[in-house]
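Summary of the model geometry
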Amino acid sequence: MDVNANAPASPEKIDVAYVAHLARISLAPGEQELFQQQLEHILDHVNKLNELDVSGIEPMAHAIPVKNCFREDVERPGLAHEAAMRNAPEERHGQFFVPRILE
Amino acid sequence: MAELTQLTLHETLDALARGTCSSEDVTRAYLDRIAAVDDRIGAFLHLDRDQALADARAADARRKAGQGGRLLGVPLAMKDVLNVKGHPCTCGSQILKGYVAPYDATAVARLRAEGAVIMGRLNMDEFAMGSSNENSSYHPVRNPYDLGRVPGGSSGGSAAAVAADEITASLGSDTGGSIRQPASFCGVVGVKPSYGRVSRYGLTAFASSLDQIGPFTKEVADAALLTEVMSGGDPLDSTSVPGPAPELLATMKQGIRGFRIGLPKEYFQGGMDAATEALVRAAVKQLEALGAEPVEISLPHTEYAIATYYIIATAEASANLARFDGVRYGNRIAGVDPIDMYEKTRSAGFGNEVKRRIILGTYVLSSGYYDAYYKKAQKVRALIRRDFDEAFKTCQAIVTPATPSAAFGFGEKTGDPLQMYLSDIFTVTTNLAGICGMSVPCGFAGGTLPVGLQILGPAFREDNMFRVAHAYEQATAWRGKRPPLAVDAGRTGA
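Residues and elements named next belong to chain B. Omega for the bond connecting Gly 153 with Ser 154 falls within 30 degrees of zero, at 5°, which places this linkage in the cis form. Along the polypeptide, Ser 154 turns up in the loop between strand S3 (117-122) and helix H5 (156-163). Although it is not a glycine, Asn 133 sits at a positive phi angle of roughly 70°. With respect to the secondary-structure elements, Asn 133 resides in the loop between S3 and H5. You can call Asn 133 buried: its relative accessible area is 1%. We note that Phe 460 has phi near 65°; this positive angle belongs to a residue other than glycine.

So, in structure tokens, the structure goes:
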């Protein structure tokens with residue numbers, strides 16, 4: 001399958017630096033230019049979907065017709081505190097330690 | 001008797017039951033084999049020799065005490081994305097280097113409950129994103145049939161380990177072909193069950209509406225057994241479908257006389273390597289000789305599948321991978337405030353392909369683009385599912401190549417991510433539609449590189465798929481083929 005040259009170009013180009021910040025990723029200058037070019041190329045291909053008329057089609061979120069899985073609202077055993085903390089990058093007083101959030 | 005490491009899972013179970021070997025013998029044989037060949041293959045990321053032997057001795061004690069188990073004493077290895085209590089789980093990523101899983105994935109727990117010895121962590125593309133295993137942040141995996149070529153991905157280590165006799169069977173995960181494509185490249189059997197068939201609890205999530213766990217094996221019957229053991233509803237995964245596991249071993253031998261086998265015309269319209277096409281067409285002739293009737297079918301939205309897949313999969317990944325922020329687990333790079341810490345941690349911890357996909361996924365979900373990309377892709381997904389629903393009205397199974405060509409070389413596609421994505425064209429539709437699919441060996445391109453036949457069944461009709469796969473395997477000579485992987489006697493037991 002080739003990239004479809006006839007697909008309409010996206011109205012605006014992706015702003016990789018901005019989107020990366022939304023995703024909490026900081027990019028080195030070289031990385032940013034590389035991703036900009038690669039993602040524009042990928043989005044050109046993705047714009048192929050504009051060829052299709054999908055009016056009246058229900059979006060499909062997942063593949064099986066299972067909805068509202070309830071369980072009894074009872075206490076169940078969970079991960080022990082110590083086990084949950086075992087992989088903590090930084091722990092103090094049995095809690096996850098993070099940089100100050102409020103001044 | 002053949003060497004222990006060349007036995008299928010069923011042959012291993014027979015040998016254990018007859019008492020011709022112990023689980024410790026089998027486990028030791030694999031540990032020696034891994035020591036002898038894995039510096040060339042690179043399939044394993046982690047192996048705890050002492051723990052594996054201790055677990056094997058425990059299985060032997062269980063057998064001596066008269067206790068049973070459908071997998072009692074058989075060593076199995078896991079893709080590094082499946083949590084096994086007390087084992088590392090890095091997902092092939094630096095961000096999880098040093099992480100130790102606090103619990104068992106349900107699929108793993110079910111294998112253990114049947115007596116399996118769980119050993120070793122298998123290499124993979126970082127967070128299961130890739131088609132060549134070149135995105136592992138640790139080291140590449142080499143294809144046992146040609147060390148200059150990729151094993152496929154993302155479950156490249158799982159496929160290569162089985163092909164190289166480093167383990168009799170393994171588990172992988174398949175989001176867009178990550179079991180079937182490496183199985184095809186490495187000449188082994190690989191199964192992606194229907195979405196909802198196997199609990200995803202304890203599988204580190206990539207794209208939650210597409211991910212499924214499945215086995216890699218040396219023969220179809222072994223894959224049927226492992227799929228049976230892992231299947232069935234699980235209260236810990238509300239997308240697993242309640243009900244009993246399918247009976248595959250009992251039904252797969254029923255033959256395919258009168259089966260209609262669909263051949264999607266869109267898959268055979270160019271874009272496929274000539275050697276692959278010739279082998280798949282020969283396989284179709286074989287199925288016909290076994291009493292099946294090939295019928296042409298149409299899957300008209302095939303050309304939109306890659307675009308749809310890379311919107312939905314990256315959107316879900318961008319949300320799922322938000323959890324790797326250096327707060328509760330994984331590695332952290334200190335920052336002056338939380339946002340600075342997140343950005344530093346994620347930039348250092350994730351590799352390029354993961355970053356690219358998170359950014360793409362964030363973009364298609366962002367304000368102003370959600371409807372144009374994500375919602376649109378979900379609608380096209382419904383059309384792709386509808387294509388299969390229509391097709392399965394006229395056939396019991398569909399047959400296609402698993403991949404457009406045999407294994408490619410290192411570096412061939414890394415410069416152009418889109419070219420890498422397009423190589424998934426024959427596998428991604430299965431996940432989008434939620435149906436089941438598998439790859440079985442169907443010959444060698446140029447006489448040397450394995451090619452896989454992909455067999456697809458309707459959702460929750462793994463039985464159809466296994467009947468075709470088993471009939472084909474029994475009628476052909478591909479089962480038992482192994483790569484010419486010379487072992488230097490001096491390395492054994494190293």
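Structure's up, so let's keep going.
Turning to empty space enclosed by the protein, a few remarks are in order. Residue and element names in this part refer to chain B. Tallied over the entire structure, the rule returns four cavities of 30 Å³ or more. Together, 15 residues line the largest cavity, and Gly 130, Gly 176, Ser 178, Tyr 309 and Asp 424 are the ones closest to its centre. Grouping the amino acids of the lining of the largest cavity by side-chain chemistry returns five nonpolar, eight polar and two charged.

Residue and element names in this part refer to chain B. Taken residue by residue, chain B gives an average pLDDT of 96. The fraction at 70 or more is 98%. Below pLDDT 50 for its whole length, residues 489-494 participates in eight contacts with residues either more than four positions away or in separate chains. As a predicted assembly, this complex carries a pTM of 0.95 together with an ipTM value of 0.91.

Each regular strand displays side chains that alternate between the two surfaces of the sheet. Residue and element names in this part refer to chain B. Of all the six residues making up S3, six are buried; the element is thus mostly covered by neighbouring parts of the structure. Looking at chain direction, strand S1 (residues 44-46) and S3 are connected through two bridges and run antiparallel. From the neighbouring strand, Phe 44 faces S3, where its bridge partner is Leu 122. As paired elements, strand S2 (residues 75-79) and S3 share four bridges and run parallel to each other. Within S3, the residue paired with Met 78 across the bridge is Arg 121. With respect to chirality, the unit in which S2 leads through helix H4 (residues 106-113) into the neighbouring parallel S3 is right-handed.

Parameters and conventions
Residues numbered from 1 in each chain as written. Chains lettered and ligands numbered in written order. Predicted model: local features only at pLDDT ≥ 70, side-chain atom pairs only at ≥ 80, totals over all residues. Heavy atoms only, no water. Helix = DSSP H or I, 4+ residues; strand = E, 2+ residues; numbered from the N terminus. Buried < 20%, exposed > 50% of the residue type's maximum accessible area, 1.4 Å probe, protein only. 1 Å grid on protein atoms, 1.4 Å probe; cavity = no way out; pocket = protein on both sides within 12 Å on 5 of 7 lines; lining within 4 Å. Points joined across faces, edges and corners; volume = space filled by probe spheres on them. Nonpolar A, V, L, I, M, F, W, Y, C, P; charged D, E, K, R; others polar. pLDDT = per-residue confidence, 0-100. Contact = heavy atoms within 4.5 Å. Pairing = 2+ DSSP bridges. Right-handed = clockwise from strand over helix to strand, strands pointing away.

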